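# Understanding the architecture of this molecule
Listed below, chain by chain, are the residues.
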Amino acid sequence: MNRLIKNFLLVSVLCFSVWPVSPASAGIKSGDMWNPVKDINWDDVDFKFLGICICPRPPPVFYETGEIYEYWDPSLFIDTVSVANYSPFMGTGGDATGSIDDFLGGKNKSSDALSIADESTFFQAHAFIFSMIDGSLCENDDVGGWWTEFDAMWQNDELAVTITPEAGLFANKAMQLLCMSDAAAVNVGFPLDAMPWCIGSSGSTYPVSGHVDNDNIVQAANTAASRLIFKLNRLFMLCDPAAICGCEYTPIWTKSHYKMHTARPDIRSTYPIGKAAKFYDSGLNPPFMGAKGSNDEFLWVVFRKVLCCTCCE
């Protein structure tokens, strides 16, 4: 428990240190602060014992044995917001009105667009990285945060290519049409890891920015959250804890190792990345206020698959 509190406080300090709050606008958006007891679908941890494992080690040890455990760790929490610097995770913040005139605010309706070319949804995003499962046999040591308001690549599709030069390979109709098969697979529970450029019904992984060509607010928010997961992997801020003999960095993500659910504006069931919003968005984002927070401001609880040998956590 001490380790969990330490990680939470560290992430909070990192985020508050770059969090400008305007007293004049603090009341524009509001909501309940995240509650780790009530706002996580704990039944989806799904803890399992799978058997015995053997992991290679450098000489003179050569190998170690242990027990294999599998579970889903709620260790990543992502805001996707239309008001810059507002955080559903914290339940407060924000320094703008969220209109199209805001420099960092999001456009959350295609009707707001000044031209056809601007008919897309834009979200800022914030990541809070810390494991909620403390004292387990396989602990995850990832800890940190990310605030896209300070990320120029998130604001500009062309700059985003700086860390994703492969994006040009998938910027054509043929590759994007293939995403239909990923969407079909995700909606029956099986995302296709061989298609990392697709996010199921959420569309394309690229560009890894906050601009989403979808005016469905909930689906676009899911896309932005998924892209941030991809980006954190690309920047080596996340490792994949499903490698049995250690946590491995995966600059090309393994989509099936993540699942998520909304906690703001309200809580919904947990689904794989890219699930069609129609399965969970009914009543989720009503006008003005949801059950737990302002509309158009989302908090996603992301579960990461852990598959580990107790010799090598």
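Cut-off values and rules
- Residues numbered from 1 in each chain as written.
- Predicted model: local features only at pLDDT ≥ 70, side-chain atom pairs only at ≥ 80, totals over all residues.
- Heavy atoms only, no water.
- Helix = DSSP H or I, 4+ residues; strand = E, 2+ residues; numbered from the N terminus.
- Buried < 20%, exposed > 50% of the residue type's maximum accessible area, 1.4 Å probe, protein only.
- Contact = heavy atoms within 4.5 Å.
- 1 Å grid on protein atoms, 1.4 Å probe; cavity = no way out; pocket = protein on both sides within 12 Å on 5 of 7 lines; lining within 4 Å.
- Points joined across faces, edges and corners; volume = space filled by probe spheres on them.
- Nonpolar A, V, L, I, M, F, W, Y, C, P; charged D, E, K, R; others polar.

## Remarks on the side chain of Asn 295
You can see Asn 295 is positioned in the loop between strand 10 (271-272) and strand 11 (298-309). Owing to a relative accessible area of 12%, Asn 295 belongs among the buried residues under this scheme. Those residues in contact with Asn 295 that lie beyond four places of it in its chain are Lys 29, Pro 265, Asn 285, Pro 286, Pro 287, Phe 288, Met 289 and Gly 290.

## Things to note about the environment of Ser 201
Mapped onto the elements of the fold, Ser 201 is located in the loop between helix 5 (179-186) and strand 8 (211-212). As for Ser 201 and Thr 223, which are separated by 22 residues in sequence, their C-alpha atoms are 8.9 Å apart. Among all residues touching Ser 201, those that are not within four sequence positions of it are Ala 183, Asn 187, Gln 219, Gly 274, Lys 275 and Ala 276.

## Focus: empty space enclosed by the protein
Using the criterion set out here, one finds one cavity of 30 Å³ or more in the structure. Looking at the largest cavity, its volume works out to about 50 Å³. Lining the largest cavity we find Asn 222, Met 260, His 261, Thr 262, Ser 269, Tyr 271, Pro 272, Tyr 280 and Trp 300. Elements with a minimum of two residues in the lining of the largest cavity: strand 9 (258-264) and strand 10. The element contributing the most residues to the lining of the largest cavity is strand 9, with three residues. Of the residues in the lining of the largest cavity, the class split is five nonpolar, four polar and no charged.

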